[in-house]
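Analysis of the macromolecular model
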Amino acid sequence: MSVVENSKIDRILAVDDTRDNLILVQTILESEGYEIDLAADGISALQHVEQSPPDLILLDVMMPGMDGYEVTRRIRKNPALNYIPILLITAFHESSVVEGLDAGADDFIRKPFDTDELLARVRSLLRLKHSLDEQKKMARQREDFVSRLTHDLRTPLVAADRMLGLFEQETFCKISPEMKQAIAVMIRSNQNLMQMVNTLLEVYRFEAGKKTLNWESCNLREIIQEVVSELSPLASEKSLTLKINTSELEQLGKNGGVMMGDALEIRRVFNNLIGNAIKFTDTGGIEIRISEKSGNSQTQDWVIIEVEDTGYGIAPEDQPNVFERFRQGRNKRSGSGLGLHLSSRIVEAHGGAIAVTSELGQGTTFIVRLPKHD
């Protein structure tokens with residue numbers, strides 16, 4: 001049976017230090033319609049894989065110089081290579097299946113092998129390869145679609161925002177108070193939609209690996225103070241207290257709460273966390289605490305930020321999934337489920353961690369740990 005998927009012939013690399021074995025494998029596989037490349041040792045196999053990655057590798061275990069286990073380990077440790085299935089072949093019964101699988105191989109067959117068994121294992125591994133390749137292709141297409149969609153949506157939303165602003169300012173003609181109120185509602189709705197589009201775009205930039213962080217010295221006290229100043233009017237509208245507690249930083253002087261990171265992205269995290277705290281709190285208030293945890297010569301120093309509110313709280317069953325993409329809470333005020341996911345991606349990109357503790361009816365605390373890089 002000739003194996004051709006989507007008009008593409010599968011290419012297999014066979015590696016063995018015995019030429020007769022290579023010729024045998026080549027004859028069997030070429031008769032099935034596969035394209036075969038040959039390598040006589042581990043070094044030449046690695047060079048071939050880097051220059052022209054195959055769809056599958058048949059790899060002899062016992063070879064002089066570099067054995068099949070080491071070749072497998074090096075292939076798996078190469079970040080530039082996409083996934084390639086590896087089928088290990090050996091003539092020795094004492095060869096360790098465990099060692100081969102731990103090295104990163106996908107399957108194991110012993111010599112002398114049955115031709116039908118070899119072909120069945122080859123077909124199985126190639127099906128796995130095709131499935132994973134198709135999943136990656138679909139993921140890339142999805143990311144490209146979302147990126148294009150969000151980019152194209154921004155243009156009319158920005159234009160609408162500017163035009164509505166002109167209407168509200170009575171640039172074209174006088175309008176009634178009722179019309180002004182309606183336009184103000186439209187502006188808020190348009191800005192909420194634009195914020196959601198921007199967040200979606202940022203999420204996919206992170207997930208597509210296209211996000212570049214601009215590293216600089218960040219004073220978290222100043223960043224959070226700026227966010228609090230901007231969000232204070234929202235808290236005041238609901239008669240909520242909004243305060244920052246930096247008492248634990250005072251003894252550290254001007255370097256307390258200072259870290260290396262992308263100030264704009266860090267700001268985005270706390271704008272989201274504090275904004276959510278205000279959104280889901282009707283009585284009481286929000287407190288932001290900033291502290292540091294010092295390590296020793298072997299452990300990391302951390303800046304720890306806690307955003308605590310007295311709001312509705314999060315149900316225990318929802319807490320483990322709160323940072324998942326599009327995971328909406330059960331509260332009727334819950335949004336798209338993207339804000340916390342994006343916040344977690346930003347924190348992780350800085351080498352930090354974010355967690356939540358909450359009790360229904362008692363409030364919620366988000367804890368952000370960010371490393372103090374030199």
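Residues numbered from 1 in each chain as written. Predicted model: local features only at pLDDT ≥ 70, side-chain atom pairs only at ≥ 80, totals over all residues. Heavy atoms only, no water.

Per the UniProt record, "modified residue: 4-aspartylphosphate" (unreviewed entry) is annotated on D60. Its place among the elements puts D60 in strand β5 (residues 56–60). Residues within four places of D60 in sequence aside, it is in contact with V15, D16, D17, G68, I89, T90 and K111. (UniProt positions renumbered as here; feature names shortened; annotations may be inferred. Helix = DSSP H or I, 4+ residues; strand = E, 2+ residues; numbered from the N terminus. Contact = heavy atoms within 4.5 Å.)

What follows concerns the sheet that holds strand β12 (residues 302–309). Judged by pairing direction, the sheet is mixed, and its five strands sit side by side in the order β9-β11-β12-β14-β13 without closing on themselves. Lying at the two open borders of the sheet, with one neighbouring strand each, are β9 (241–245) and β13 (353–359). Strand-to-strand twist in this sheet, taken as the mean axis angle between neighbours without regard to direction, amounts to 15°. The strands touched by helix α7 (residues 220–237) within the sheet are β9, β11 (285–293), β12 and β14 (363–371), with β9 carrying the most contacts at an inclination of about 170°. (Pairing = 2+ DSSP bridges. Axes fitted to C-alpha atoms, helices over the stretch in contact; angles between N-to-C directions.)

Structurally, the position occupied by A45 is in helix α2 (residues 42–51). For A45, a relative accessible area of 2% gives the class buried. As a C-alpha pair, A45 and L157 span 112 residues in sequence and 54 Å in three-dimensional space. When neighbours within four sequence positions are excluded, A45 is seen to be in contact with L13, V15 and A39. (Buried < 20%, exposed > 50% of the residue type's maximum accessible area, 1.4 Å probe, protein only.)

The final tally for this structure, using the stated rule, is two aromatic pairs. Centroid distance F323 to F366: 6.1 Å. Interplanar angle 75°. Geometry classified as edge-to-face. Pair noted here: F323 is in the loop between β12 and α9 (339–349) and F366 is in strand β14, with a separation of 43 residues, a long-range link. When sorted by exposure, F323 lands in the same class as F366, which is buried. In this structure, R369 is placed above the aromatic ring of W302, and the distance from its NZ or CZ to the ring centre is 4.5 Å. (Phe/Tyr/Trp six-rings, centres within 6.5 Å; stacked < 30°, edge-to-face > 60°. Lys NZ or Arg CZ within 6 Å of the ring centre and 35° of its normal.)

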